[in-house]
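# Coordinates in review
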Amino acid sequence: MKKAFAGALIVMGFSLFGNSAKASSEDRFWKWFAANEARLFELEKDQEAIFDALQAELQRINTDLTFEFGPVKDGAREFVISAGGTKSAFAAVESTYARAPSLKRWVWVKFRPRRWPLSNLEYGGKKVRAEEVRYLLAKDGDRAGIVLFFDGYNEQEKAAYGQMGYLFLDEALGEYAVETHVGFIEFHSTESKYFSQSSPLPELPQHFDEYFRSRAH
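All of these numbers come straight from a predicted model, not from anything done at the bench.

### Thoughts on the pairing of strand E6 (residues 134-140)
- The pairing of E6 with strand E7 (residues 143-150) spans seven bridges and is classified as antiparallel. Looking at E7, one finds that Asp 140 is bridged to Arg 143.
- Hairpin geometry of E6 and E7 is characterised by an intervening segment of two residues between the two adjacent antiparallel strands and by a positive phi of about 65° at Gly 141.
- Two strands pair when backbone bridges link them, and E6 and strand E9 (residues 199-200) are joined in this way by two bridges, in the antiparallel orientation. The residue bridging Tyr 135 from the neighbouring strand is Ser 199, located in E9.

### Some remarks on the packing of aromatic side chains
- Scanning the model with the defined rule gives 29 aromatic pairs in all.
- Seen from their ring centres, Phe 41 and Trp 106 are 5.7 Å apart, and the 85° between their planes marks the pair as edge-to-face. Taken as a pair, Phe 41 in helix H2 (residues 37-41) and Trp 106 in strand E3 (residues 106-110) lie far apart in primary sequence, 65 residues in all. Exposure class is identical for Phe 41 and Trp 106. Each is buried.
- An aromatic cluster of at least three residues, connected via ring pairs, comprises Phe 29, Trp 30, Trp 32, Phe 33, Phe 41, Phe 51, Phe 67, Phe 69, Phe 79, Trp 106 and Trp 108.
- In this arrangement the basic side chain of Arg 77 is found over the ring face of Phe 41, its NZ or CZ atom lying 5.6 Å from the centre.
- If you follow Arg 105 out to its NZ or CZ, it ends over the ring of Phe 41, 4.1 Å from the centre.

### Section: the packing of helix H5 (residues 158-173) against helix H7 (residues 204-216)
- Look at H5 against H7: their axes get within 9 Å of each other, and the N-to-C directions meet at 65°. As far as their axial angle goes, H7 and H5 are roughly perpendicular. Considering how the two elements wind past one another, H5 and H7 form a crossing that is right-handed. Contacts from Leu 169, Ala 172 and Leu 173 of H5 reach H7 at Leu 204, Pro 205 and Phe 208.
- Residue composition of the contact of H5 with H7, grouped by class: six nonpolar, no polar and no charged.

### Points about the side chain of Glu 171
- Here Glu 171 lies in helix H5.
- Those residues in contact with Glu 171 that lie beyond four places of it in its chain are Pro 113, Arg 114, Arg 115, Leu 118 and Ser 119.

### With respect to the sheet that holds strand E2 (residues 77-82)
- Across the sheet, which stays open at both edges, the three strands sit in the order E1-E2-E3 with mixed pairing between neighbours. Every interior strand has two partners, whereas the edge strands, strand E1 (66-69) and E3, have only one. Going across the sheet, the axis of each strand differs from the next one's by a mean of 20°, ignoring polarity.
- In terms of strand pairing, E1 meets E2 through four bridges, oriented antiparallel. The residue of E2 that forms the bridge with Phe 67 is Ile 81.
- Packing against the sheet, helix H3 (residues 47-58) makes contact with E1 and E2, and its axis sits at approximately 140° to E1.
- Taken strand by strand, helix H4 (residues 90-98) contacts E2 and E3, and its axis lies near 155° from that of E3.

### Focus: H5
- Across its 16 residues, H5 extends 22 Å between first and last C-alpha, which sits within 8% of the 22 Å expected from 1.5 Å per residue.
- Listed in full, the buried residues belonging to H5 are Ala 160, Tyr 161, Gly 162, Met 164, Gly 165, Phe 168, Leu 169, Asp 170, Glu 171, Ala 172 and Leu 173.
- Of the surrounding elements, those touching the buried residues of H5 are strand E4 (121-123), strand E5 (126-128), E7, helix H6 (175-181), strand E8 (182-189) and H7.

### Points about the pattern of salt bridges
- Tallying each qualifying case throughout the model produces 15 salt bridges.
- Between Arg 99 and Asp 27 there is a salt bridge, with the nearest N and O atoms lying 3.3 Å from each other. On the criterion of sequence distance, the pair formed by Arg 99 in the loop between H4 and E3 and Asp 27 in helix H1 (residues 2-35) is long-range, its members being 72 residues apart.
- Classification of Arg 99 by relative accessible area gives partly exposed; the value is 38%.

### Some remarks on H7
- Between its terminal C-alpha atoms H7 stretches 18 Å, which fits the 18 Å expected from 13 residues at 1.5 Å a residue.
- Among the residues of H7, Leu 204, Pro 205, Phe 208, Tyr 211 and Phe 212 are the ones counted as buried. Projected onto a plane normal to the axis of H7, the buried residues spread over an arc of 130° and lie on a single side.
- Of the surrounding elements, those touching the buried residues of H7 are E6, E7, H5, H6, E8 and E9.

Rules behind the numbers
- Residues numbered from 1 in each chain as written.
- Predicted model: local features only at pLDDT ≥ 70, side-chain atom pairs only at ≥ 80, totals over all residues.
- Heavy atoms only, no water.
- Pairing = 2+ DSSP bridges.
- Helix = DSSP H or I, 4+ residues; strand = E, 2+ residues; numbered from the N terminus.
- Phe/Tyr/Trp six-rings, centres within 6.5 Å; stacked < 30°, edge-to-face > 60°.
- Buried < 20%, exposed > 50% of the residue type's maximum accessible area, 1.4 Å probe, protein only.
- Lys NZ or Arg CZ within 6 Å of the ring centre and 35° of its normal.
- Axes fitted to C-alpha atoms, helices over the stretch in contact; angles between N-to-C directions.
- Parallel < 35°, antiparallel > 145°, perpendicular 65-115°, else oblique.
- Left-handed = near helix turned anticlockwise from the far one by under 90°.
- Contact = heavy atoms within 4.5 Å.
- Nonpolar A, V, L, I, M, F, W, Y, C, P; charged D, E, K, R; others polar.
- Expected span 1.5 Å × (residues − 1).
- Salt bridge = Lys/Arg side-chain N within 4 Å of Asp/Glu carboxyl O.
- Arc of directions from axis to C-beta.

So, in structure tokens, the structure goes:
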């Protein structure tokens, strides 16, 4: 009994010190953000340098964390804290968001939210219009599997199409839903035998929501 109790104390001790260290890294980040608030708000004046500095500071909390800025609307700008599509970094997003200060010109958002209309993307020399991408939704256990179809998709450029595919899904469904409600994700060309069953990507958000509503009843 004494050994078990001692072990429990040791585990508790590590937990307490771990939480303290993590909290201090988050507090340091927000202290840095507040000190540089004016530069960050006017990021277009020196975007590359600002982004490099911000990413370095954010990754002191967790190396998978990343960010997005929204445009200025009504004198305020969104700052999105993202896990970069890495589920193991979700806790870091939550804890960083929870410690965000109140700054008059900023709106904090945890995880990449749904965006509408969907953006056209360019990556690895490839330009893809959202309206030209099609999808197929399929059952995958208690999740939904998704196939995206790209005109010109090929295995040699799989990485570029895959990166754009995940970005399209984050915009259509939101980062949190992609990681928690989506199962398999595949990328096919429009020559696929499944292409005839596909629908335009802009229809995915509504179809996805209807799919899970129907399963809940």
